[in-house]
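# Coordinate inspection notes
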Amino acid sequence: MLKRLSLTMSAALIGLASMAEVNYQVVPMPQSIQLDNSGKMFSLDKGLAIAYPGDNAQMKRNAEFAQEYFGLVPEVDAKKSKATIRLTLGLESENPDAYQITVGKKGLNIQGASESGVFYGLQTLRKSIMNEEGESVQLPWAVVAGAPRFQYRGCMLDVARHFMPVEFIKTYIDILALHGVNKFHWHLTDDQGWRFEVKALPELAKKGSVRPYTIVGQNVNMDDPDNVLYDDTPETGYYTQAQLREIVAYAAERFITIIPEIDLPGHMVAAMSVYPELGCTGGPYFVRPYWGVDPDVLCAGNPKTLEFIKTVLGELCDVFPSKYIHIGGDESPRVRWEKCEKCQAKKKELNLDNEAQLQTYILKEVESFLGNKGRELIGWDEILEGGLSEGATVMSWRGYEGGIEAARQHHRVIMTPTANCYIDYYQLKEHNYKEPLAIGGYLPLSKVYDMEPIPAELTEEEGKYILGAQCNLWTEYVVSPDHAMFMLLPRLAAISEVQWLQPDQKNFEAFTGRLGELEKIYRKLGYKFCPKFE
Ligand code: ACM
Ligand code: ZN
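Bear in mind the structure is a predicted one, so any value in this text is a computation, not a measurement. Throughout this description, residue numbers start from 1 for each chain and increase along the sequence as written. By the order in which they are written, chains take letters starting at A while ligands take numbers starting at 1. A pLDDT threshold of at least 70 governs which residues receive local features in this predicted model, and a stricter bar of 80 or more applies before side-chain atom pairs are shown or counted, although totals over entire chains, interfaces and linings include all residues. Values reported for side chains reflect all heavy atoms of the structure, with hydrogen atoms and water molecules removed beforehand.

## Considering the overall build of the chain
Here is the rule: Secondary structure elements follow DSSP: runs of H or I no shorter than four residues count as helices, runs of E no shorter than two count as strands, and numbering proceeds from the N terminus. Here the globule rule is a power law, 2.2 Å times the number of residues to the power 0.38, and the radius of gyration is based on C-alpha atoms. When a residue's accessible area, from a 1.4 Å probe over protein chains only, is under 20% of the maximum for its type it is buried; when over 50% it is exposed; and in between it is partly exposed. Working definition of accessibility: Shrake-Rupley area with a 1.4 Å probe, residue cover restricted to the visible protein chains.
Regarding its fold elements, the chain presents 19 helices and 21 strands. A compact globule built from 534 residues would reach a C-alpha radius of gyration of about 24 Å, and the chain, at 25 Å, matches this within 12%. Along the first, second and third principal axes, the C-alpha set of the chain runs to 80 × 50 × 45 Å. Each of the 534 residues in the chain was classed as buried or not, and the buried ones make up 58%. As presented, the chain carries roughly 21,500 Å² of accessible surface, and 50% of it is formed by carbon and sulfur atoms.

## Description of the sheet that holds strand 2 (residues 32-35)
Just so we agree on the cut-off: Strand pairing is assigned whenever DSSP identifies at least 2 bridges connecting the two strands. Structural elements are reduced to axes, namely lines fitted to C-alpha atoms, with helices fitted over the stretch in contact, and the angle between N-to-C directions of any two is expressed from 0 to 180 degrees. In what follows, residue pairs with any heavy atoms lying within 4.5 Å of each other are defined as contacts.
Read from one edge of the open sheet, seven strands run 2-11-7-8-6-4-5, paired in mixed fashion. What marks the edges here is a single partner per strand, and that holds for strand 2 and strand 5 (73-76). Between one strand axis and the next, the sheet turns by 15° as a mean value, whatever way the strands run. By the bridge criterion, four bridges tie strand 4 (residues 49-52) to strand 5 in an arrangement that is parallel. Residue Ile50 lies in a different strand from strand 5, and its bridge partner there is Pro74. Sitting on the sheet, helix 2 (residues 57-70) is in contact with strand 4, strand 5 and strand 6 (85-88), with an inclination near 165° to strand 4.

## Remarks on the packing of aromatic side chains
Using the following cut-off: Only Phe, Tyr and Trp rings are paired, with Trp represented by its six-membered ring, and only when their centres lie within 6.5 Å; those with planes under 30 degrees apart are stacked, over 60 edge-to-face, the remainder tilted.
The tally for this structure, following the rule as stated, stands at 28 aromatic pairs. With a centroid separation of 6.2 Å and an interplanar angle of 55°, the aromatic rings of Tyr275 and Phe308 are classed as tilted. With Tyr275 in the loop between helix 7 (269-274) and helix 8 (303-319) and Phe308 in helix 8, this pair connects stretches of sequence that are 33 residues apart. Residue Tyr275 is classed as buried on the basis of its relative accessible area of 16%.

## Section: the confidence of the model for the chain
The line we're drawing: Within a predicted model, pLDDT stands for the predictor's per-residue confidence, ranging from 0 to 100.
Scored by pLDDT, the chain comes out at a mean of 94, with 96% of its residues at no less than 70. Within the model, pLDDT remains below 50 along residues 1-17, and this stretch shows 31 contacts once partners closer than five positions in the same chain are excluded.

## Quick notes on the coordination of the zinc ion (ligand 2)
Just so we agree on the cut-off: Note that water is not among the atoms used; donors are N, O and S atoms within 2.8 Å of the metal (3.2 Å for Na, K and Ca), so sites may look incomplete. All geometry calls rest on donor angles, where a four-donor set with angles between 85 and 135 degrees is tetrahedral, four- and six-donor sets with opposite donors more than 155 degrees apart and all others between 65 and 115 are square planar and octahedral, and all else is irregular.
Donor atoms from the polypeptide that coordinate the zinc ion (ligand 2) comprise Cys280 (SG), Cys299 (SG), Cys340 (SG) and Cys343 (SG), at 2.2 to 2.3 Å from the metal. For the zinc ion (ligand 2), the four donor atoms in the first shell make angles of 107 to 114° at the metal, a pattern classed as tetrahedral. Read from N- to C-terminus, the donor residues coordinating the zinc ion (ligand 2) fall into the pattern C-x18-C-x40-C-x2-C. Of the two residues, Cys299 is situated in the loop between helix 7 and helix 8 and Cys343 in helix 10 (residues 341-349); the sequence distance between them amounts to 44 residues. There is no split in this pair, since Cys299 and Cys343 are both buried.

## Here's the deal with helix 17 (residues 481-488)
Of all eight residues making up helix 17, six are buried, and the element is well covered by its neighbours. Here helix 17 has its buried residues at His483, Ala484, Met485, Phe486, Met487 and Leu488. Next to the buried residues of helix 17 lie strand 12 (152-158), helix 4 (166-178), helix 14 (431-434), strand 21 (466-473) and helix 18 (491-500).

## Quick word on the packing of helix 4 against helix 6 (residues 241-253)
Basically, it comes down to this: Our angle categories are set so that under 35 degrees counts as roughly parallel, over 145 as roughly antiparallel, 65 to 115 as roughly perpendicular, and the remainder as oblique. By definition, turning the near helix anticlockwise from the far helix through less than a right angle yields a left-handed crossing, and turning it clockwise yields a right-handed one.
The geometry of helix 4 relative to helix 6 is characterised by a closest axis approach of 10 Å and an angle of 15° between their N-to-C directions. Of the possible angle classes, the one that applies to helix 4 and helix 6 is roughly parallel. Between helix 4 and helix 6 lies a crossing of right-handed hand. Here Val166, Ile169, Lys170, Ile173 and Asp174 of helix 4 come into contact with helix 6, specifically with Gln243, Glu246, Ile247, Tyr250 and Ala251.

## Here's the deal with the pattern of salt bridges
Oppositely charged side chains may form a pair once their charged atoms are brought near each other. Heads up, the rule is: Any Lys or Arg side-chain nitrogen found within 4 Å of a carboxyl oxygen on Asp or Glu counts as a salt bridge.
Following the criterion strictly, the structure yields 30 salt bridges and no others. A salt bridge links Glu64 to Arg61, with the shortest nitrogen-to-oxygen separation between them at 3.4 Å. In this pair, Glu64 and Arg61 are both assigned in helix 2, three residues apart and thus about one turn of the helix distant. Judged by its relative accessible area of 27%, Glu64 falls in the partly exposed class. With its nearest N and O atoms 2.7 Å apart, the salt bridge here joins Asp296 to Arg336. Residue Asp296 is found in the loop between helix 7 and helix 8, and its partner Arg336 is found in helix 9 (residues 335-339); the two are separated by 40 residues along the sequence. Residue classification places Asp296 among the buried positions, given a relative accessible area of 9%. Using a relative accessible area of 26% as the deciding quantity, one classes Arg336 as partly exposed.

See the structure below:
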């Protein structure tokens, strides 16, 4: 049972001069907080030992996180250990991410149904304590338990439109971890930049990552791209495979899987600028200095296209161990295919009815290629249009409808509709003078919070195909790490309660009350955030 008790113990209340505040009501809210009302406390003092099972590398790493957060000293749990703080496994729950924090007579135990559960327990504890340097931390005796509603708890970042440095990607991952997110969907390539090193194609990232200039202000009147204002600041940068492997490992320690995206067959102009033979017209093409949907896409009839895709995805799979590989599939106009001899010949050869089925043809080839490597594909909801390949998972972005249709066809679904999940939109009504330029739209914190990933139209059985929810940070107008954090926070906090809480546990008012404490952590860790919300 949820007890809405304020645990905040002010220094005045208990007569200690420098005592940290402790409040187990954090974001995402634990499922239950059972206070022992005896008033007894456990002193979480720096330098205390924290014992962990010695045969488990992930638990050792968890103990090191505890060292970082609380100044504890990791120690292998031995029979004679006098440690009063323990990290343990074996919590009974079908949910591997479940955790329980027990503070009582025996000290402090952070127990998980698996190693990730222990990590989430540490995150909850970390958010419960707002201590200043040197302050004593007194934990009230209690049992605090939590478990996420969804197994897929995602957040996307686009680094194609604006490159984000490796150090910031790690910070981004830290931020996701703080919020209990476990999937980092990484949009690595687009018309405006190619950011993934492919060793077999050394020119691809070298040249495809360079945009010599970029449109200034809003992307409007693009009928005549030669007649709009551009800046003179090159946008460059890509990730080497060595850097990517390091980031994959960094994320894994925080129980985050990176799902890389290579968007195809549309959103490929940066690649086509390097290999113009991959487009229907043969180009020339240029890394796009403006935004929007480009009519030029990979030629579906040229065998070199599949060869290219397989080379790229082959190396992508070498670098990213994720079961899921995102292959985009969104906003891929078919106007070039309609006029292209090679595409039309392929359509005839395969006896297809329309150009949408040409995209499905590519999709099926890609699915079988990935399948041979033990991987599965995720695509944006447009992949439904030409008939879906069997094992595909659909990311529903143009609303809930694609997800509903896919779930009814017994395909797995991730819900990320623009109306609740596009955090590149403005977050304040009076954005003109309160926010930096954004792509448009209006997505206040409350609307993110209100999201229900399982639409009422689905039966209980169909609802099981909804794996979870995700918010998306596209970066056409997001120019720096600080700006990215401003867009992300605190809206990520809202999506994190969508991902973790059962519908009857959600309460926006109560959530905003908890947000104040979370913002203190943002400040402490140097995370930028939008200080107002609606
Ligand atoms: C998308 O926003 N084009 C998936
Ligand atoms: Zn073609």
